[in-house]
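This is what each chain is made of:
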Amino acid sequence: MSTLEIKNLQVSVAVEGGFTEILKGVDLTIRSGETHAIMGPNGSGKSTLAYSVAGHPKYTVTGGSVTLDGVDVLAMTVDERARAGLFLAMQYPVEVPGVSVTNFLRTAVTAVRGEAPKVRTWVGEVREAMKALNMDAAFAERNVNEGFSGGEKKRHEILQLELLKPKIAILDETDSGLDVDALRIVSEGVNRVKENSDLGIMLITHYTRILRYIKPDFVHVFAQGRIVEEGGPELADKLEENGYAEYVTA
Amino acid sequence: MSTLTTNYLTPTGREEAWRFTPLHRLGGLLDFDVAVIEGQSLAPTNSLPAGVTFSAIAADGFESEYQPSDAAVIRGREVVSQISLLKVGKEIEVSDPIFLQRQGGENSPSFSRLVISLEPHSRATVVIENQGSVTLGEEIEIRLSAGSNLTFISLQEWERDAIHMAGHHAIIGKDAALTSFEISVGGSLVRLLPTVEYSGPGSSAQLNGLYFATNGQHLENRIHVDHNVPLAKSRVNYKGALAGENARSVWIGDVYIRAAAEGTDTYELNRNLLLSDGARADSVPNLEIETGEIVGAGHASTTGRFDDEQLFYLQSRGVPADIARKLVIRGYFSEILNLIGIPSISERLMDRIDTELEKVGE
């Protein structure tokens, strides 16, 4: 049982001539087995929340706290956060030229598990996980995200989720750029990991489409750098009908 | 040789060819007040296959097939009396690489000459392994007869105090092909002149290079491709990375398409990756074209900083920063290293690059 606790989180980014505050006091608690949908209009700070928790150097935390099972996440380096059990599935995964998927996965899994996986079981483990995501075996020999289609990038993110087995996963607009088939495959992958490992999920999305496949326990509406409304799955239905207009015109 | 029959001038630094080179770091190779010796420490490391010979021949009476213009090469010709000759016989195809190893250790500035000659329709891979500490002026003349195919790999894995100035000149015959790899991961000052001319149509040159310069190292590559015949092809692809205070690289890519060279197909590319402040990469592609009747001619040069987003991505998967950096740099160089096609060499070079990278922080 794990708990990610975000308290009064304030985050700024450097802009010409100073800083702009993007997150203006975010409170959110995610426990193992819970799925929290973070929904909001573009530019509301959803991705900033995701990247701040993961530790991207572009964002400066100016106040508040983030803890994982009581341990200060903000004091950790980016890789320490991942090894502590946090995972960020990125909206725009980064290309790493010349580094094969297979080498990348093995390096990451070795780092997170603290030891190199046994060669005998590892090959089968990767093959199974790729098969479940409808990924061709040849995929493993390609360079990380290089020349991947939008759908391939997202599958590759969820493949990592399956292999790294984090405590809490942040999925940043994983649905963006996916057609219905790819969305279903990716969602099934997320659900499979959750069933097998009691994963806690922060699901960031602009649209309600993905919520048909990944059922949220809680829905939080994000606008202008903070959570402005919270509820159960029914809140998503309301957003589906009314959009974000009432939250944007403040 | 006793008398100075100098037909060149000691560089002043104002010449185009020398303007990037720190002349005070040449270890006396171009200084006439410094005694220089003939150095012949290059030798095959394994027994040579049938049809391949390695021998010493007298420089007197040997006719070079080109006129050098580089000061170091010209001085070498005055100094060297014995030339090493590696010859691959007609229609001999050698699949295993031929390794020629040069161990450093000469205290005096020395010069050496090697001729690699491939007779018609022969095929070979030659690897020059340069290790140790030297002050060396070197000339390698590569003669490719019709239909021959050479992969030439020159590895500069010198100790950090080595000084190496070299002219590697290839003359590529009709339908012959040269693939070269100039790899510099060691040395204090390494200045290489990989140059190519053609002696028949249908010939091609694929010139690859890799350099990794760290604190205080000066690694220079001056490529010159002379498209002097019709229907020849050239590709140049050099990749470098630099890290640490006063790490310095120079890449000059001169391609000259003469009026007679109709049907030329050429492209050259240089990429540099700056890993830290205080490092400097100069990259100068030059294309001179005297005929419009060509297949293609182009060049590209990029110099960029280390991509922090790649680092973040790897770290966000639990990979510690130092391992992530190595992985990204290995990935960057893998394009060239994989082309070498000799895994033991690629792995050895990658390990050396890792080690050099670790030392930068010290």
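Here's what I pulled together on the structure shown here.

What counts, and where the lines are drawn
Residues numbered from 1 in each chain as written. Chains lettered and ligands numbered in written order. Predicted model: local features only at pLDDT ≥ 70, side-chain atom pairs only at ≥ 80, totals over all residues. Heavy atoms only, no water. Helix = DSSP H or I, 4+ residues; strand = E, 2+ residues; numbered from the N terminus. Rg over C-alpha atoms; globule rule 2.2 N^0.38 Å. Buried < 20%, exposed > 50% of the residue type's maximum accessible area, 1.4 Å probe, protein only. Contact = heavy atoms within 4.5 Å. Areas by Shrake-Rupley, 256 points an atom, 1.4 Å probe, with all protein chains shown as cover. Axes fitted to C-alpha atoms, helices over the stretch in contact; angles between N-to-C directions. Parallel < 35°, antiparallel > 145°, perpendicular 65-115°, else oblique. Nonpolar A, V, L, I, M, F, W, Y, C, P; charged D, E, K, R; others polar. Buried area = accessible area lost by both parts, 1.4 Å probe. Salt bridge = Lys/Arg side-chain N within 4 Å of Asp/Glu carboxyl O. Pairing = 2+ DSSP bridges. Core = buried A, V, L, I, M, F, W, Y, C linked by side-chain atoms within 4.5 Å. 1 Å grid on protein atoms, 1.4 Å probe; cavity = no way out; pocket = protein on both sides within 12 Å on 5 of 7 lines; lining within 4 Å. Points joined across faces, edges and corners; volume = space filled by probe spheres on them. Patch = residues over 30% accessible without salt bridge, like charges linked within 9 Å, V, L, I, M, F, W, Y side chains within 5 Å. Lys, Arg positive; Asp, Glu negative; His and termini not counted. Charge placed at Lys NZ, Arg CZ, Asp CG, Glu CD.

**Re the overall build of chain B**
Broken down by element type, chain B carries four helices and 19 strands. For chain B, the C-alpha radius of gyration of 20 Å lies close to 21 Å, the compact-globule estimate for 362 residues. Taking the principal axes of its C-alpha atoms as reference, chain B extends roughly 65 × 50 × 45 Å. Looking at chain B residue by residue over its 362 residues, the buried ones come to 57%.

**Quick notes on the overall build of chain A**
Looking only at helices and strands, chain A features eight helices and ten strands. For 250 residues, the compact-globule estimate of 2.2 N^0.38 gives 18 Å, and chain A sits close to it at 18 Å. A burial count over chain A gives 52% of its 250 residues as buried. Summarising the internal contacts of chain A: among those between residues at least 6 apart in sequence, 71% fall at separations of at least 24. Total accessible area on chain A is roughly 11000 Å²; 49% of this is exposed by carbon and sulfur atoms.

**Brief notes about the packing of helix H5 (residues 150-164) of chain A against helix H6 (residues 180-197) of chain A**
Residues and elements named next belong to chain A. In the contact formed by H5 and H6, the axes pass within 10 Å of each other and the chain directions differ by 10 degrees. Looking at the two axes, H5 sits roughly parallel to H6. For the pair formed by H5 and H6, the contact residues are Lys154, Arg155, Ile158, Leu161 and Glu162 on the first element and Ala182, Ile185, Val186, Gly189, Val190, Arg192 and Val193 on the second. Broken down by class, the residue content of the contact of H5 with H6 amounts to seven nonpolar, one polar and four charged.

**With respect to the interface of chain B and chain A**
Facing the 18 residues of chain B at the interface are 32 residues of chain A. Together, the buried faces of chain B and chain A total about 1900 Å²; carbon and sulfur atoms form 69% of this surface. By the criterion of area lost to chain A, the three top residues of chain B are Phe312, Tyr313 and Arg317 of chain B, representing 42% of everything that side buries. The interface formed by chain B and chain A includes one salt bridge.

**Comments concerning the sheet that holds strand E3 (residues 35-39) of chain A**
Residues and elements named next belong to chain A. Ordered by their spatial adjacency, six strands build an open sheet running E6-E7-E8-E3-E9-E10, and the pairing between neighbours is mixed. The sheet is open, and its two borders are formed by strand E6 (86-89) and strand E10 (226-231), each paired with just one other strand. When strand polarity is set aside, the average angle formed by the axes of neighbouring strands in this sheet is 20 degrees. One ladder, built from four bridges, connects E3 with strand E9 (residues 218-223); its direction is parallel. Residue His36 lies in a different strand from E9, and its bridge partner there is Phe218.

**Observations regarding the nonpolar core**
Counting residues in hydrophobic clusters, the biggest one holds 114 residues, and the most contacted among them are Leu4, Ile6 and Met202 of chain A together with Phe333 of chain B. For this core, the element with the most residues is helix H3 (residues 321-340) of chain B, which contributes nine residues. Contact partners of Met202 of chain A, with chain neighbours within four places excluded, come to Leu4, Ile6, Leu28, Ile30, His36, Ile38, Leu49, Ala169, Ile170 and Leu171 of chain A. Counting 51 residues, the second largest nonpolar core, distinct from the first, contains Ile128, Val196, Ala205 and Leu219 of chain B.

**Some thoughts on the layout of surface pockets**
Residues and elements named next belong to chain B. Here the largest pocket is characterised by a volume of approximately 630 Å³. Breaking the lining of the largest pocket down by element, the ones donating at least two residues are helix H1 (71-79), strand E10 (163-172), strand E12 (189-198) and strand E14 (218-227). Class assignment of the residues belonging to the lining of the largest pocket gives a composition of 13 nonpolar, eight polar and seven charged. Empty space within the second largest pocket amounts to approximately 360 Å³. Forming the walls of the second largest pocket are 16 residues, and the residues nearest its centre are Arg330, Ser334, Asn338, Glu347 and Met350. For the lining of the second largest pocket, the secondary structure elements donating two or more residues are H3 and helix H4 (343-360). When residues of the lining of the second largest pocket are assigned to their parent elements, the largest contribution, six residues, is made by H3. Class assignment of the residues belonging to the lining of the second largest pocket gives a composition of six nonpolar, eight polar and two charged.

**Comments concerning the pattern of salt bridges**
All names here are of chain B. What the rule picks out here adds up to 40 salt bridges over all chains. Two residues, Glu65 and Arg143, come together in a salt bridge whose shortest N-O distance is 3.6 Å. Within this pair, whereas Glu65 is found in the loop between strand E3 (52-58) and H1, its partner Arg143 is found in strand E8 (residues 135-144), the two being separated by 78 residues in sequence. Owing to a relative accessible area of 16%, Arg143 belongs among the buried residues under this scheme. In this structure, the salt-bridge partner of Arg305 is Asp277, at a minimum N-O distance of 3.3 Å. With Arg305 in strand E19 (residues 296-305) and Asp277 in the loop between strand E17 (265-274) and strand E18 (280-289), this residue pair connects regions lying 28 residues apart in the sequence. Residues Arg305 and Asp277 agree in their burial class; the two are exposed. Through salt bridges that share partners, Glu65, Arg77, Arg113, Glu139, Glu141 and Arg143 make up one connected network.

**Some words on a negative patch on the surface**
Judged by side-chain charge, Glu234, Asp237, Glu240 and Glu241 of chain A come together as a negatively charged surface patch. Take Glu234 of chain A: it is sitting in helix H7 (residues 234-242).

**A short note on the pairing of E17 of chain B**
Residues and elements named next belong to chain B. Taken across its ten residues, E17 has seven buried, putting it largely inside the fold. Here strand E15 (residues 233-242) runs beside E17; their pairing, made up of ten bridges, is parallel. In the strand pairing of E17, Lys239 is matched with Arg271. Relative to E19, E17 is paired through ten bridges, and the arrangement is parallel. By the bridge assignment for E19, Asn270 is matched with Ser301.

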